[in-house]
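# Descriptive analysis of the structure
One-letter residues, chain by chain:
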Amino acid sequence: MAKDEYQAREFKVIGTRPIRPDGIDKVTGKAQYGADMSAPGMLWGAIKRSPHAHARIVSIDTSAASAMKGVKAVITRADFTHQPEDKANADVLDNCMAGERALYDGHAVAAVAATSKSIAAAALDAIKVDYEVLPHVTDVDDAVKPGAPIIHEGRQRENVPEGHNGNVISRTAFGHGDPEEGFKKADLIIERNFTTAATHQGYIEPNACLASLGADGQGEIWVCTQGHYMVRNVSAAVLGLDAGKIRATASEIGGGFGGKTHVWQEPVALKLSQEAGKPVKLVLNRDEVFRATGPTASSSADIKIGMTKDGKITAATCTYRLQSGAYPADNAMLAAMCGFAPYDLEHVRTEGLEVVTNRPKAAAYRAPGAPMGAFPVESVIDELCQKLDLDPLDTRLQNASREGTRAVYGPTYPAIGLEATLEAAKAHPHWTAPLGDNQGRGVACGFWFNFGGDTSVSLMVNLDGTVSLAEGNPDIGGSRAAMTMMAAEELGIPLDQVRTFIADTASLGQNENTHGSRVTYAVGLATIKAARHAIEVMKQRAAMKWGIDADAIEWKDGAAHPAGDNAGKFPPMSIKEIAAISSNTGGPIAGHHEANPEGAGVSFATHMVDTETDPETGAVKVLRYTVFQDAGKAIHPDYVEGQFQGGAAQGIGWALNEEYVYGEDGRLQNPGFLDYRIPVASDLPMIEPVILEIPNPGHPYGVRGVGETSIVPPLAAIANAVSRSSDVRLTALPMSPPKVLAAMKAK
Amino acid sequence: MSRIHVSTTINGDETEFLCEAQETLLDVLRDDLDLTGSKEGCASGDCGACSVTVDGRLVCSCLMLAAEAEGRAIETIEGMADGDDLHPLQQKFLEMGALQCGICTPGVLVAAKNLLERNPDPTEEQVRYWLAGNLCRCTGYDKIIRAVMETAKDMRGAA
């Protein structure tokens with residue numbers, strides 16, 4: 001994909017704030033989410049889970065459950081007769097249904113399908129599992145110590161050097177220069193360990209699907225996911241089926257944030273359906289969502305940064321250990337790539353160690369790895385500024401990555417917006433607003449790559465001249481509105497003449513998940529290209545009618561026009577007129593575009609937060625919050641702002657409150673929204689979004705993804721505010737009242 | 001398993017159903033009456049996605065047994081609009097982009113309507129505390145709170 005694709009232009013639709021096309025269904029309760037679909041003859045599925053963090057499964061007796069009235073299928077791992085060759089798919093299978101060992105509290109060990117929910121629940125109770133409990137480890141730093149129980153023998157990759165135990169499954173390294181030389185030039189060096197807790201994406205809609213699979217391997221699945229193509233492909237690979245024989249349809253999705261980019265239970269539903277010969281609805285409950293679907297990785301990082309007394313960073317290193325949970329993941333690699341990405345550094349080295357433990361498999365959570373990458377970096381830069389009496393925004397500007405900077409992870413940046421966000425922060429009234437007692441103001445920066453990925457879009461011009469747009473990415477936060485707007489902009493027709501649909505897997509080519517902040521960029525690009533393709537076809541039809549060359553026609557305001565006087569004098573022919581004669585000018589009119597675009601533009605943000613610490617309880621209250629982020633081009637500003645605000649709110653929860661709490665027994669102690677408390681309305685202030693628009697050279701309208709970066713800065717921004725309000729440097733998340741109080745008392 | 005016969009009123013319609021003793025009102029609304037606008041986010045009363053009113057009182061339908069609906073008047077999200085005419089809260093949520101994924105939206109709207117019926121002129125703090133039982137993970141609540149405040153203002157102006 002050419003990088004010079006962006007063209008400045010005036011927009012009619014882009015940048016306005018129309019009502020989203022799926023809105024009425026979502027405010028009236030009509031929109032159908034994962035658990036809202038039923039089928040004739042449908043059974044209810046349910047999963048039995050291990051109560052142990054690590055145990056050998058000695059035997060499973062399903063006879064009593066199978067004999068119960070209303071129970072139509074009972075399955076264990078023994079019923080999954082296909083063993084995938086691919087290691088990643090083999091891990092998915094083992095995670096969906098434990099084999100020889102249960103690897104975490106909540107690991108599935110058996111499943112049933114029954115005629116009612118209550119019978120299914122009773123059947124689970126009737127299944128007897130004999131476990132031999134094994135030693136476990138649920139802490140990332142304990143897991144790398146000598147003598148720790150090794151979760152997977154023989155899985156360590158060759159990139160792990162000698163001296164690490166078998167739980168360190170992979171190591172990656174990034175950077176350039178010679179940090180030891182750089183540290184010699186520093187006036188002050190700070191070296192610290194930072195930890196972040198595992199947090200859950202906390203989507204309000206539990207994972208759900210309705211599956212039907214026949215003995216012939218043909219099936220259907222209705223599923224709440226960020227990628228129904230992924231669900232189809234992975235489920236087929238896990239079960240040994242042909243992907244093309246399964247059709248996956250995406251339900252509306254009630255939040256995902258990366259947590260629904262994986263297969264957790266769909267192969268179980270398909271297998272139950274095949275065994276029972278009936279459709280099976282499988283809906284996880286909240287306890288299962290917490291215990292068995294991926295939280296994000298917890299982390300521990302050893303960081304060292306050197307700075308001159310006038311604010312120049314001379315060298316930086318960081319080793320990140322991220323907890324993968326029971327199966328290998330790549331979050332430490334991403335942390336090691338992202339942490340220093342906002343800075344133009346001569347000497348920088350990072351390494352990422354992926355550590356397996358007896359916890360559920362870690363999943364993406366909005367910019368996976370990046371918040372854990374940024375928290376130590378942004379905290380230490382702030383501490384250096386405090387100790388050297390430097391301005392935190394000016395110091396970041398002084399060291400900021402800009403066009404031409406070589407990133408820590410390798411490439412050289414094209415035009416980027418970090419400086420613009422820092423300048424906007426400096427100029428904003430928030431920066432100079434007065435603060436009261438026990439109040440402090442913190443800032444921090446964040447980065448995310450953004451992404452392209454396989455994308456397939458079709459745009460149909462119907463016989464009446466209206467347009468149907470088919471795309472293959474679940475609409476998680478208003479993307480149908482964005483696609484509709486881009487199609488209308490390009491075609492030059494009113495918004496209400498376009499309707500966008502999320503197509504099933506049999507209706508378009510492969511589409512990558514709704515993740516990586518890719519949809520508005522990549523699907524938007526494909527939508528624009530599909531519209532341009534349709535315009536070319538329509539120009540040909542008009543050319544045929546007028547008896548002139550298609551090159552002599554231009555498209556504007558939803559109609560074909562002769563390009564100039566030489567082309568002939570014809571009145572414009574509108575899309576409706578062209579559509580009406582399509583049967584006689586060559587048949588149906590459609591445009592399409594298939595690509596794996598590589599012009600995604602990286603994203604930067606700066607966050608500013610005021611907090612107040614209660615000196616008696618240690619409770620931290622967020623008083624004011626402002627997000628400055630480069631969107632490239634905001635298609636529908638309401639939903640760009642919503643991404644900024646939502647990411648910040650999740651980051652606030654991560655910083656102050658949210659935490660997976662494990663007991664000595666290796667069991668999760670807070671698998672519910674009462675004890676795992678996400679921010680509620682009364683916890684938060686308004687969150688002011690400031691949209692910067694530095695066009696991405698790789699998108700026709702300049703779009704960058706906006707969905708993920710906003711969760712990256714809050715962890716450190718809040719720690720920095722607390723430090724400035726209470727003179728304590730918190731290095732372990734969450735900054736809960738007992739921790740903050742203890743730190744203040746220890747002063 | 002024997003079932004209990006229940007006569008109730010839902011969104012103004014007289015309704016009868018049979019339920020198991022342990023089934024919640026939410027179970028029956030969703031699984032038996034096809035009123036799937038009320039959502040199950042937690043089944044423990046923590047998320048508010050299943051919010052309905054019972055005789056005008058805001059409740060989590062996951063915490064109420066279906067059998068307790070006998071003789072009551074229940075309002076769900078499906079009864080909030082008057083035919084094609086959206087309730088002012090519904091319209092304002094659309095105009096202000098006060099939803100992203102939309103899963104919490106029905107519960108938030110039911111709860112907000114109940115608030116405005118009790119207090120047509122709430123402060124921002126009152127709105128935030130009233131909606132503290134309705135979890136939203138997408139929006140950070142900003143646009144939701146603004147939409148409720150704006151609706152209250154419009155409705156006061158129209159009254």
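Since this is a predicted model, take the numbers as computed values, not measurements.

Attention shifts here to the overall build of chain A. Per the secondary structure count, chain A includes 20 helices and 26 strands. Computed over its C-alpha atoms, the radius of gyration of chain A comes to 27 Å, within 12% of the 27 Å expected for a compact globule of 747 residues. Within chain A, buried positions represent 61% of all 747 residues. Taking the contacts inside chain A whose residues are at least 6 apart along the sequence as the reference set, 80% of them involve residues at least 24 apart.

Attention shifts here to the overall build of chain B. From N to C terminus, chain B includes five helices and five strands. Traced from its N-terminal end to its C-terminal end, chain B shows the element sequence β-β-α-β-β-β-α-α-α-α. The C-alpha radius of gyration of chain B comes to 16 Å, within 12% of the 15 Å expected for a compact globule of 159 residues. When its C-alpha atoms are laid out on the principal axes, chain B stretches across 50 × 30 × 25 Å. By residue count, 54% of the 159 residues in chain B fall in the buried class.

The subject of this paragraph is the packing of helix α7 (residues 228-239) of chain A against helix α8 (residues 266-276) of chain A. Residue and element names in this part refer to chain A. Between α7 and α8, the least distance of the axes is 9 Å, while the angle of their chain directions is 60 degrees. If you check the angle between α7 and α8, you find them oblique. In this structure, α7 crosses over α8, and the sense of that crossing is right-handed. On the side of α7, the interface is formed by V231, S235, V238 and L239, while α8 contributes E266, P267, L270 and K271.

All names here are of chain A. Direction vectors running N to C along helix α10 (residues 331-338) and helix α11 (residues 370-388) enclose 45 degrees, while the axes themselves pass 7 Å from each other. Considering their axes alone, α10 and α11 lie oblique with respect to each other. For the element pair α10 and α11, the recorded crossing hand is right-handed. Contacts from L334, A335, A336 and C338 of α10 reach α11 at A370, M372, G373 and A374.

Turning our attention to the interface of chain A and chain B. Across the boundary between the two partners, chain A contributes 42 residues, which contact 44 residues of chain B. Contributions of two or more residues to the side of chain A that touches chain B are made by α1 (23-28) and α18 (637-656) of chain A.

With that settled, the discussion passes to α11 of chain A. Look at α11 of chain A: 27 Å from first C-alpha to last across 19 residues, which is about the 27 Å you get at 1.5 Å a residue. Positive backbone phi, approximately 55 degrees, marks D389 of chain A, located one or two places after α11 of chain A.

Residues and elements named next belong to chain B. As assigned here, chain B comprises domain 1 (4-79) and domain 2 (88-158). Its C-alpha centre places domain 1 at a distance of 22 Å from the equivalent point of domain 2. On the domain 2 side, the residues contacting the 13 residues of domain 1 number eleven residues. Of all the elements, strand β3 (residues 51-54) adds the most residues to the side of domain 1 that touches domain 2, at three residues. Grouping the constituent residues of the side of domain 1 that touches domain 2 by class yields six nonpolar, six polar and one charged.

Moving on to the sheet that holds strand β21 (residues 559-562) of chain A. Paired through backbone hydrogen bonds, the strands of a sheet run either parallel or antiparallel to each other. Residues and elements named next belong to chain A. Ordered by their spatial adjacency, three strands build an open sheet running β20-β21-β22, and the pairing between neighbours is antiparallel. Among the strands making up the open sheet, the edge pair consists of β20 (553-556) and β22 (573-574). Judged from the four bridges that link them, β20 and β21 form a sheet pairing that is antiparallel. If you follow I553 over to β21, its bridge partner there is P562. The strands that helix α16 (residues 519-546) touches are β20, β21 and β22; relative to β20, the one it contacts most, it runs at about 130 degrees.

Another aspect to go through is the pairing of strand β7 (residues 168-176) of chain A. Residue and element names in this part refer to chain A. Among the nine residues of β7, seven are classified as buried, and the element is accordingly described as predominantly covered. The pairing of β7 with strand β15 (residues 348-356) spans eight bridges and is classified as antiparallel. Looking at the pairing, A173 lines up with E351 of β15.

Before going further, it helps to examine the environment of Q226 of chain A. Residue and element names in this part refer to chain A. For Q226, the position within the fold is in the loop between β10 (219-223) and α7. What makes Q226 buried here is the crowd of 26 C-beta atoms within 10 Å. Separated by 250 residues in sequence, Q226 and I476 have C-alpha atoms that sit 7.7 Å apart.

Of all hydrophobic cores here, the largest spans 289 residues; its most connected members are V112, C209, A487, I718 and M735 of chain A. Sort the elements by how many residues they give to this core and α16 of chain A lands first, with 14 residues. For this core, the domains that each give at least three residues are domain 1 (4-79) and domain 2 (88-158) of chain B.

Residue and element names in this part refer to chain A. Here six bridges tie strand β25 (residues 620-630) to strand β26 (residues 687-692), and the two strands are oriented parallel to one another. Pairing of Y625 across the sheet is with I687, part of β26. Between the parallel pair β25 and β26, the chain is carried across by α18, and the sense of this crossover is right-handed.

Now for the sheet that holds strand β2 (residues 55-61) of chain A. Residues and elements named next belong to chain A. Taken in spatial order, the three strands make up an open sheet running β4-β2-β6, and their pairing is antiparallel. Looking at which strands have only one partner, the edges of the open sheet turn out to be β4 (101-102) and β6 (128-133). By the bridge criterion, six bridges tie β2 to β6 in an arrangement that is antiparallel. Residue pairing across strands places R56 opposite E132, the latter belonging to β6.

All names here are of chain A. Tracing the backbone through its elements, the reader meets G256 in the loop between β11 (246-250) and α8. Here G256 falls in the buried class, since 30 other C-beta atoms lie within 10 Å of it. Along the chain, G256 and I204 lie 52 residues apart, while their C-alpha atoms are 8.6 Å from each other. Those residues within four positions of G256 in sequence are excluded, and the remaining contacts are Q201, Y203, Q226 and I476.

This next bit is on unusual backbone geometry. Residue and element names in this part refer to chain A. At the junction of L733 and P734, the peptide bond is cis and its omega measures out at -5 degrees in the coordinates. Summarising the element assignment, P734 is placed in the loop between α19 (714-726) and α20 (737-745). Phi is positive for S517, which is not a glycine, with a value near 50 degrees. Residue S517 is classed as buried on the basis of its C-beta count, with 24 C-beta atoms lying within 10 Å. A positive phi angle, close to 50 degrees, is found at D557, a residue other than glycine. Within the secondary structure layout, D557 lies in the loop between β20 and β21.

Of the residues in chain B, 99% reach a pLDDT of 70 or more, and the chain-wide mean stands at 97. Overall fold confidence (pTM) sits at 0.98, and the ipTM for the predicted complex is 0.99.

Once that is clear, we can look at helix α13 (residues 418-427) of chain A. Residue and element names in this part refer to chain A. What α13 keeps buried is the set L418, T421, L422, A424 and A425. Burial along α13 is one-sided: seen end-on, the buried residues are contained in an arc of 160 degrees. Residues of α13 that are buried sit in contact with α12 (392-399), α14 (429-432), β16 (439-448), β24 (603-613), β25 and β26.

Moving on, we get to the environment of A420 of chain A. Residues and elements named next belong to chain A. Here A420 is to be found in helix α13. Accessibility expressed as a C-beta count within 10 Å gives 19 for A420, which makes it partly exposed. Once residues within four sequence positions are removed from consideration, A420 is found in contact with D630, L692 and I694.

Conventions and cut-offs
- Residues numbered from 1 in each chain as written.
- Chains lettered and ligands numbered in written order.
- Predicted model: local features only at pLDDT ≥ 70, side-chain atom pairs only at ≥ 80, totals over all residues.
- Helix = DSSP H or I, 4+ residues; strand = E, 2+ residues; numbered from the N terminus.
- Rg over C-alpha atoms; globule rule 2.2 N^0.38 Å.
- Buried ≥ 20, exposed ≤ 12 C-beta atoms within 10 Å, placed from the backbone.
- Contact = placed C-beta atoms within 7 Å.
- Axes fitted to C-alpha atoms, helices over the stretch in contact; angles between N-to-C directions.
- Parallel < 35°, antiparallel > 145°, perpendicular 65-115°, else oblique.
- Left-handed = near helix turned anticlockwise from the far one by under 90°.
- Expected span 1.5 Å × (residues − 1).
- Domains from an automatic or database assignment.
- Nonpolar A, V, L, I, M, F, W, Y, C, P; charged D, E, K, R; others polar.
- Pairing = 2+ DSSP bridges.
- Core = buried A, V, L, I, M, F, W, Y, C linked by C-beta atoms within 7 Å.
- Right-handed = clockwise from strand over helix to strand, strands pointing away.
- pLDDT = per-residue confidence, 0-100.
- Arc of directions from axis to C-beta.

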